[in-house]
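In case you want the letters, here they are:
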Amino acid sequence: MFDDFNRYMKVLDEWAPAEIKPYTPGENLQKWLTDEKARDQFVIRSGTDTEVLWNDARQLKPELVYSRRHWTEKFVQWSPLGTYLATVHRQGAAVWGGAATFNRLMRYAHPQVHLIDFSPGEKYLVTYSSHEPSNPRDTQTVVLNIFDVQTGKVMREFKGRADEFATGGTGGLAGVTWPVFRWSGGKQATYFARIGKNAVSVYETETFGLLDKKSIKVENVMDFSWSPTDPILALFVPEGGGGNQPARVSLIQIPEREEVRQKNLFSVSDCKMYWQNNGDYLAVKVDRYTKTKKSTYTGFELFRIKERDIPIEVLELENKNDKIIAFAWEPKGHRFAVIHGDSPRPDVSFYTMRTAHHTGRVSKLTTLKGKQANALYWSPTGRFIILAGMRGFNGQLEFYNVDELETMATGEHFMATDVEWDPTGRYVATSVTSVHEMENGFHIWSFHGKLLYRIPRDHFYQFLWRPRPPTLLSPEKEEEISKNLKKYSKKYEAEDQDVSLLLSEQDREKRRLLQEEWDGWVKEWKRLHEEEKIYRQDLRDGEPSDAEEEYEAKEVEVEEILDVTEEIVNFADEQE
């Protein structure tokens, strides 16, 4: 109140117009998208250094954009659309951006922050920390803050015991499921939710309060996930009542809270849900007990989300007892891949949800027998996939064209720990991080499996491609460009030819420098040879010539007594 008095007392008696400050435009945070060479950026961490680089595949090397030592204390993370680079510190988190300098744009105060997560549209940032209690009998406390990315304002704080945030899902730090809050699909991120005991709490970003001021009550709910594009929740509820109540998967429309589809599942051991990135399909991998309860087998429940009444198909492998090692949907497509089998070399099968004759029926395309693979990495644009053999397979890579059902190339990155496609699907990075003491660094490959360049780095921690925002082109425009690609590609073919000529010129220049270095070395030795001419002539007893053919070789035998030993022998003793 007294501050208000002071403020009003300072008001001038005469009115004066407000001073208009000239507009100073801020830095263009999307400038990197206008690169004339259409290159992509990536960030790496090795030792205490963090570097942002261009992937200059034409020059077969990266180009440094920005480098900084001790930039972060834990890790770095790109925002989902690539606008910001986030760093984590003891006092909190920070985001950086810019054309080339990466200025700090905002700080978010959160002491001892451990983890961070962006909303899909980069509007909000979630920070997480856990704190040990002063009394050993008490449990850990967890603090989560949701910040507005641009203003740094705390929109909502959540605080409680660690066990309150550890229900369902897979464990994160201290058993807490991460991310604690999962965002609804779409750029707007209108809703976010978390799982609790017998409930799923859905919050709206308009007020950051509970939707309809109450949670969705679901008895024994174990896991949930959002559709990537629509406000639809998929819930998994395990069996209850000692097996008398079946497990189920439910699809709930938000904000109406209407259950639009449900599927009961029997004899369920475990369940995992996989959304296709366009939200067209949901695959539910179901592990079921056999009748004897001594073993399990796996099948898939396939939901066609965008079709009327959301029909469901059941898919079982030819050998139901095969172990499912990996599953992955094709981005922007209708196919999926499965690695299955119990042998050291499992099989890889490809299926499609849509064929020319059966648009509403799943069918198998092919099965590749005996592959050294335990992970699947689809290109972001679909069509191409990498069958990767990580860990026990020591980095085996197979680049496969699913359209043609043929292997384009095979390769190996020994002890590779990570595989990541660039956002355009043109290049692939494989890396060996510091979980291994040797072979640290990364390799860059073309989409068809050609190794472009290798960069070794000691104590290598992270490799992250910079994400790109969705294209501004309509599907019709993209299709037109695809049909007329030859017309558009002439420009880039000419640029590639220019770069090829430049590289050839650089190679020629390199060879010329090597030749000059060799000629200089030979010249120096000739000079030394000439300086020692008198000394060599003296060694030859005055013969002036160095030419070997002017001399006659003679063999001379020289006997030299090396040692003489005299010994007296008693002849009479030897006779006896």
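Here goes a summary of the coordinates provided. (Residues numbered from 1 in each chain as written. Predicted model: local features only at pLDDT ≥ 70, side-chain atom pairs only at ≥ 80, totals over all residues. Heavy atoms only, no water.)

**Notes on the sheet that holds strand S17 (residues 223–226)**
Part 1 of the argument: Read from one edge of the open sheet, 4 strands run S17-S18-S19-S20, paired in antiparallel fashion. Across the chains shown, the open sheet's two edge strands, defined by having one partner strand only, are S17 and strand S20 (258–265). Sheet twist, expressed as the average angle between the axes of neighbouring strands with direction ignored, equals 15°.
Part 2 of the argument: Relative to S20, strand S19 (residues 247–253) is paired through 7 bridges, and the arrangement is antiparallel. Bridge pairing in S20 links Gln253 to Glu258. (Pairing = 2+ DSSP bridges. Helix = DSSP H or I, 4+ residues; strand = E, 2+ residues; numbered from the N terminus. Axes fitted to C-alpha atoms, helices over the stretch in contact; angles between N-to-C directions.)

**Considering the side chain of Glu313**
Part 1 of the argument: With respect to the secondary-structure elements, Glu313 resides in strand S24 (residues 312–316).
Part 2 of the argument: A distance of 3.0 Å separates a polar atom in the side chain of Glu313 from the backbone nitrogen of Val362.
Part 3 of the argument: Not counting residues up to four positions away in its chain, the partners in contact with Glu313 are Phe300, Glu301, Leu302, Arg304, Met353, Gly360, Arg361 and Val362. (Polar contact = N/O pair within 3.5 Å; in protein donor to acceptor, adjacent residues only side chain to side chain. Contact = heavy atoms within 4.5 Å.)

**A short note on the sheet that holds strand S30 (residues 384–389)**
Part 1 of the argument: The sheet built from 4 strands is open, its strands ordered S29-S30-S31-S32 with antiparallel pairing. Edge strands, defined here as strands with exactly one partner in the open sheet, are strand S29 (375–378) and strand S32 (406–412). Averaged over all adjacent pairs, the angle separating strand axes in this sheet is 20°, with direction ignored.
Part 2 of the argument: Across 6 bridges, strand S31 (residues 396–401) lies against S32 in antiparallel orientation. Bridge pairing in S32 links Leu397 to Gly411.

**What to know about the pattern of salt bridges**
Part 1 of the argument: If you walk through the whole model with that rule in mind, you get 31 salt bridges.
Part 2 of the argument: Among the ionic pairs, Arg335 bridges to Glu330, the shortest N-O distance being 2.8 Å. Pair check on accessibility: Arg335 and Glu330 agree, each one buried.
Part 3 of the argument: Across the salt bridge formed by Glu398 and Lys371, the nearest N and O atoms sit 3.2 Å from each other. On the criterion of sequence distance, the pair formed by Glu398 in strand S31 and Lys371 in the loop between strand S28 (363–368) and S29 is long-range, its members being 27 residues apart. You'll find Glu398 and Lys371 in the same group, each marked buried. (Salt bridge = Lys/Arg side-chain N within 4 Å of Asp/Glu carboxyl O. Buried < 20%, exposed > 50% of the residue type's maximum accessible area, 1.4 Å probe, protein only.)

**A word on the pairing of S30**
Part 1 of the argument: Summarising burial for S30: 6 of the 6 residues are buried, a large majority.
Part 2 of the argument: Of the two faces of S30, the one carrying Phe384, Ile386 and Ala388 and the one carrying Ile385, Leu387 and Gly389 are both buried.
Part 3 of the argument: Two elements, S29 and S30, share 4 bridges in a ladder whose sense is antiparallel. Paired with Ala375 across the bridge in S30 is Ala388.
Part 4 of the argument: Linking S29 back to S30 in an antiparallel pair, the connection comprises 5 residues, with Gly382 at a positive phi of about 80°.
Part 5 of the argument: Relative to S31, S30 is paired through 6 bridges, and the arrangement is antiparallel. Each residue of the ladder has a partner; that of Leu387, found in S31, is Glu398.
Part 6 of the argument: Linking S30 back to S31 in an antiparallel pair, the connection comprises 6 residues, with Arg391 at a positive phi of about 55°.

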